Every structure is written in structure tokens, then in C-alpha cells.
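# Fold and geometry: a report
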Amino acid sequence: MLVLVINSGSSSIKYQVREVTGAPAGSAADAAAAQVAGVEDAILTKGLIENIGSSGAVADHAEALDLLAARLDEELNGREIDVVGHRVVHGGERFSEPVLIDNEIVRTIERLAPLAPLHNPAAALGIRAIQKKWPHLPQVAVFDTAFHRTLPERAWRYAIPDELYRLRGIRRYGFHGTSHDYVTGRAAEHLGVPREELDGVVAHLGNGASVTAIKGGASVDTSMGYTPLAGLVMGTRSGDVDPSVLTALMTGPDAYDAEQIDRVLNNESGLLAIGGSNDMRELVQRAEGGDEKARLALEMAAYRLVKYIGGYHVAVGGARVLIFTAGIGENSAPFRRLVVEGLGALGVTLDEEANAVRSDEIREISGPDSAITVLVVPTDEERAIAEAAVGLAGDRG
Ligand code: AMP
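An unreviewed UniProt entry annotates the protein chain as Acetate kinase of Rothia santali. Quoted straight from UniProt, the Function (unreviewed entry) entry for the protein chain says "Catalyzes the formation of acetyl phosphate from acetate and ATP. Can also catalyze the reverse reaction." In the Catalytic activity (unreviewed entry) part of its UniProt record, the protein chain is described as follows: "acetate + ATP = acetyl phosphate + ADP".

What follows covers the site of the ligand. Residues in contact with the ligand, as listed here, are Gly-206, Asn-207, Asn-278, Asp-279, Met-280, Arg-281, Ala-326, Gly-327, Ile-328, Asn-331, Ser-332 and Arg-358. Backbone polar atom of Gly-327 to an oxygen atom of the ligand: 2.9 Å apart, as the coordinates give it. A distance of 3.3 Å separates an oxygen atom of the ligand from a polar backbone atom of Ile-328. Burial of the ligand by the protein chains amounts to 70% of its free accessible area of 500 Å². For the shell around the ligand, the secondary-structure elements that each account for two or more residues are helix 11 (280-288) and helix 13 (326-331). Looking at the shell around the ligand element by element, the count peaks at four residues for helix 13. A breakdown of the residues in the shell around the ligand according to their chemical character gives three nonpolar, six polar and three charged.

Moving on: the sheet that holds strand 12 (residues 373-376). Within the open sheet, the six strands sit side by side as 9-8-7-10-12-11. Their pairing is mixed. Whereas interior strands pair on both sides, the edge strands pair on one side only; in this sheet they are strand 9 (218-222) and strand 11 (363-364). Across five bridges, strand 7 (residues 200-205) lies against strand 10 (residues 321-325) in parallel orientation. Counterpart to Val-201 in the pairing with strand 10 is Leu-322. Strands strand 7, strand 8 (209-215), strand 9 and strand 10 of the sheet are contacted by helix 12 (residues 292-315), whose axis makes an angle of about 15° with strand 8. Sheet strands in contact with helix 14 (residues 333-342) are strand 7, strand 10, strand 11 and strand 12, and its direction is about 155° off that of strand 10.

Our next topic: the sheet that holds strand 2 (residues 12-21). Read from one edge of the open sheet, six strands run 3-2-1-4-6-5, paired in mixed fashion. Across the chains shown, the open sheet's two edge strands, defined by having one partner strand only, are strand 3 (40-50) and strand 5 (99-100). Contacting strand 1 (2-8), strand 2 and strand 3, helix 2 (residues 61-75) runs over the sheet at an angle of about 135° to strand 3. Lying on the sheet, helix 4 (residues 120-133) is in contact with strand 1, strand 4 (83-88) and strand 6 (139-143); it crosses strand 4 at an angle near 170°.

Residues Asp-73, Glu-74, Glu-75, Glu-80 and Asp-82 make up a contiguous surface patch of negative charge. Structurally, Asp-73 can be placed in helix 2.

This part covers the UniProt feature "binding site: Mg(2+)" (unreviewed entry) in the protein chain. On the UniProt side, "binding site: Mg(2+)" (unreviewed entry) is annotated at positions that read Asn-7 and Glu-381 here. Annotated residues spanning 375 residues; largest pairwise C-alpha distance 10.4 Å, indicating a single compact cluster. Looking at where Asn-7 falls in the secondary structure, it is placed in strand 1. Among all residues touching Asn-7, those that are not within four sequence positions of it are Ser-12, Ile-13, Lys-14 and Arg-87. Mapped onto the elements of the fold, Glu-381 is located in helix 16 (residues 381-396). For Glu-381, the residues in contact, after removing those within four places along its chain, are Arg-87, Asp-144, Thr-178, Ser-179 and His-204.

Moving on: unusual backbone geometry. A positive phi angle is found at Asn-51, which is not glycine, with a value near 60°. One can find Asn-51 in the loop between strand 3 and helix 2. One non-glycine residue, His-176, lies in the positive phi region at around 60°. Its location among the elements puts His-176 in the loop between helix 6 (162-168) and helix 7 (177-191). For His-176, a relative accessible area of 11% puts it in the buried group.

Attention shifts here to the packing of helix 12 against helix 14. Where helix 12 contacts helix 14, the axes come no closer than 9 Å and their chain directions differ by 50°. The orientation of helix 12 with respect to helix 14, classified from their angle, is oblique. When the axes of helix 12 and helix 14 are compared, the crossing they make is right-handed. Facing helix 12, whose interface residues are Leu-298, Glu-299, Ala-301, Ala-302, Leu-305, Val-306 and Ile-309, helix 14 presents Phe-335, Leu-338, Val-339 and Gly-342. Of the residues belonging to the contact of helix 12 with helix 14, the class tally is nine nonpolar, one polar and one charged.

In this section: the packing of helix 2 against helix 4. For the pair helix 2 and helix 4, the least separation of the axes is 9 Å and the interaxial angle reads 60°. The angle between helix 2 and helix 4 falls in the class oblique. Helix-helix and strand crossings are classified by hand; for helix 2 and helix 4 the assignment is right-handed. Side by side, helix 2 and helix 4 meet where His-61, Ala-62, Leu-65, Asp-66 and Ala-69 of the first sit next to Ala-122, Leu-125, Gly-126, Ala-129, Ile-130 and Lys-133 of the second. Tallied by class, the residues present in the contact of helix 2 with helix 4 amount to seven nonpolar, two polar and two charged.

Rules of the game
- Residues numbered from 1 in each chain as written.
- Predicted model: local features only at pLDDT ≥ 70, side-chain atom pairs only at ≥ 80, totals over all residues.
- Heavy atoms only, no water.
- UniProt positions renumbered as here; feature names shortened; annotations may be inferred.
- Near = heavy atom within 4 Å.
- Polar contact = N/O pair within 3.5 Å; in protein donor to acceptor, adjacent residues only side chain to side chain.
- Areas by Shrake-Rupley, 256 points an atom, 1.4 Å probe, with all protein chains shown as cover.
- Helix = DSSP H or I, 4+ residues; strand = E, 2+ residues; numbered from the N terminus.
- Nonpolar A, V, L, I, M, F, W, Y, C, P; charged D, E, K, R; others polar.
- Pairing = 2+ DSSP bridges.
- Contact = heavy atoms within 4.5 Å.
- Axes fitted to C-alpha atoms, helices over the stretch in contact; angles between N-to-C directions.
- Patch = residues over 30% accessible without salt bridge, like charges linked within 9 Å, V, L, I, M, F, W, Y side chains within 5 Å.
- Salt bridge = Lys/Arg side-chain N within 4 Å of Asp/Glu carboxyl O.
- Lys, Arg positive; Asp, Glu negative; His and termini not counted.
- Charge placed at Lys NZ, Arg CZ, Asp CG, Glu CD.
- Buried < 20%, exposed > 50% of the residue type's maximum accessible area, 1.4 Å probe, protein only.
- Parallel < 35°, antiparallel > 145°, perpendicular 65-115°, else oblique.
- Left-handed = near helix turned anticlockwise from the far one by under 90°.

Right, here's the structure in full:
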């Protein structure tokens, strides 16, 4: 089947067309496991349509889809899309797995907009534009939060008054779920253990970064929270800070307003604030050349991650595997080494040679004596979305 995978932003649409052959089952988790059973997948084409919206070159999402359709006509040589899979950032408490979209589902995605004001409305616009243009096409939504719906209450609750949760939905949701789910499935397959028996920790380290505790193949804790700002030191996000920092910034003579605080913590913090760059390659190069700021940025990011991994090792009753994924996790051997060095107390060791190998394949980088197996598992959220879409669209008939 040909799947159009769409990631709608407020002013851009990223797309891929994947060809999926074979029959994965309905959930993303099952789909990941089904790869073992011979599901083949290929990228046929991909691209980005930018400058959508009020002042951009493309009027709106509907016009962007006209553009997209014209491009696909050219790129697919007359072959037709069978199903559309959408990446949707927030599924709130409603969605714990991918769903086939109908009008009620789109309205729910829109209703969840207060939780993801930039992303959910854009996803809904993309879905509606496709409904209008290709009404016959089945559409599937895959939520970034869904994989974390298995968190126990002690992990998702914040210790704040109950009505803030009940009336305003303030709780930990977690993000990057599609990626954490996918690489967990791949790791289980690689290790030859049933997914339901996999206990470990997944570190998704891209420009945004989060770490997840996996028990029995399911998410039981994760570092991102109510929003993707919580947890690790990221490219431009602070990760965890004392919440009183915000009240301190909001008071006094040079008080910040909400928008300024949001900008500082989301766009001007993290590796960028400490090391002067959010590009891991540049930071590593500068640190190796003796640049103290770059060295501190790397140490802070690794130290924060190491603390989370230690905590999650305990949370899952002893991790058997540590998984690195995403831009930094897959590509930065020096950063992985820093992290593994910090895990000495857990008996984790590194195979330096294996760590230095560059590859697009899943690979083991721990030493033969390591107490925990360390894997690099390339993530592929589009593939996970495509397979979930095929699973659900196939179920329709
Ligand atoms: P992502 O958000 O998953 O695309 O990851 C982006 C991050 O990955 C940026 O910090 C990049 O500097 C980092 N990255 C990408 N390629 C490499 C590489 N070859 N070596 C080190 N870091 C990389």
C-alpha cells in the first residue's frame, strides 16, 4: 500500500510517501513487532512545503495540499495514495494508540489544542484539507503522547492541587512516543527477546530530547512532562528548572511576561545558552579544541541524562538494555561515550571500536563485560506511522 505520511506544522507540511507491503496489525506497537514477520517498507518520495499561512507564499493548508498533489502526480508516475497517516503531537488522555480518523476524532484533536497550541490546530487543518480534497481516502492519526498512556499515576501526577489536574489537565503526558515505541520494538527484535519482556531505558536525543523507562515493553516513566520543555538539557530548551525560577522572572523591575519566559526557556536555553551552539558536532569539536563553554554544555547534558538513566534503571527494576536514538543518539559517538562513562556505577562499559562505527543499522556498542547492553537503534517515525496507517486501513475492510 502507498501511504502518505504527513507532519503538519503551523507554517509547513513535511511529507513522505512510503510503500508498505505485508500486513502489520493495528497498533504501532504491533506494527513494529510485525517487521519481523516480513513487512517491507520503502521511501518513494519526500519533501517539505513551506511558507504556508497569512503572510507566506502559500495561502493555507488547502493550497499547500494542491501543491503537494501536483508534486505527487509527478513523483509517483500516476500511482495513487491508499491511506494517509498523520503525526499528531497531542492525544491528551483520550488516545492511547493510533486511530482511524472520522469527524469526531478531528474535533477531539482540535479540542486538545490548549495542550499543544502550535501543533494540534495545524494537524487538524491538514486532516480537514485532505478530507475535502480526497474524501475517499482513509486517514489515520498517530499521537506523540500515546505510547506514554501506560505510565502509572505515581509517575504522571504532579504533586499540585487536584483541581489543576481535573479542570486544566495539568499532568505529565510525555512526547516522542512514536519513536520510543518504534525503537523499543526494534531492540526487542534485535535482541531476540519478546517485547513484553524488555526492560530498559530509551534515550531519544535530537534537538528535542527525552528519555523513557521501559518495563515489559511499555512506557512507565518519561522525562518530558506537561509539555516537551521538561527533562533533559536539549538543543535550545532548558529541561528541568526549579519552577520558582519562573516566578522570580515574573516579578521585580525587569519582569518577564509569559511570552518572554516561554521564549527564554524553549528557544534560548539548553546547549545553545551554555555552549553557544545547539549543533552537537560543533560543540564536540570546540570542546576537543579546549573550549570550556562547549565542554561544560556537553558535561551538563550528559550529567542530566545519566541521572535520569540511573533513576529509570531503578524504576524498571533493573534495565537490561540502554538504547540511543535520534540525531545525536545515532550519530555522536563522543556524546554517547560521555554518557556511558557517567554510568560506571551501573557496570556499563563501552566497546570503543563499535561506538566509533558510523552506520544506519541497529548495532551494539557495549563492551563484552557490560552489565547492561547498549544499543544504537536508528529511529524512523514515518515508518512507524506508515505501518500503523496500513494496519488500521487494512482493518477497515
Ligand atoms: P534531530 O532532532 O533528531 O534531527 O537531531 C538534531 C541533532 O542531531 C543536532 O544537535 C545535530 O547536531 C545532531 N547531529 C546530527 N548529525 C550529527 C552527527 N553526524 N554528529 C553529531 N551530531 C549530529
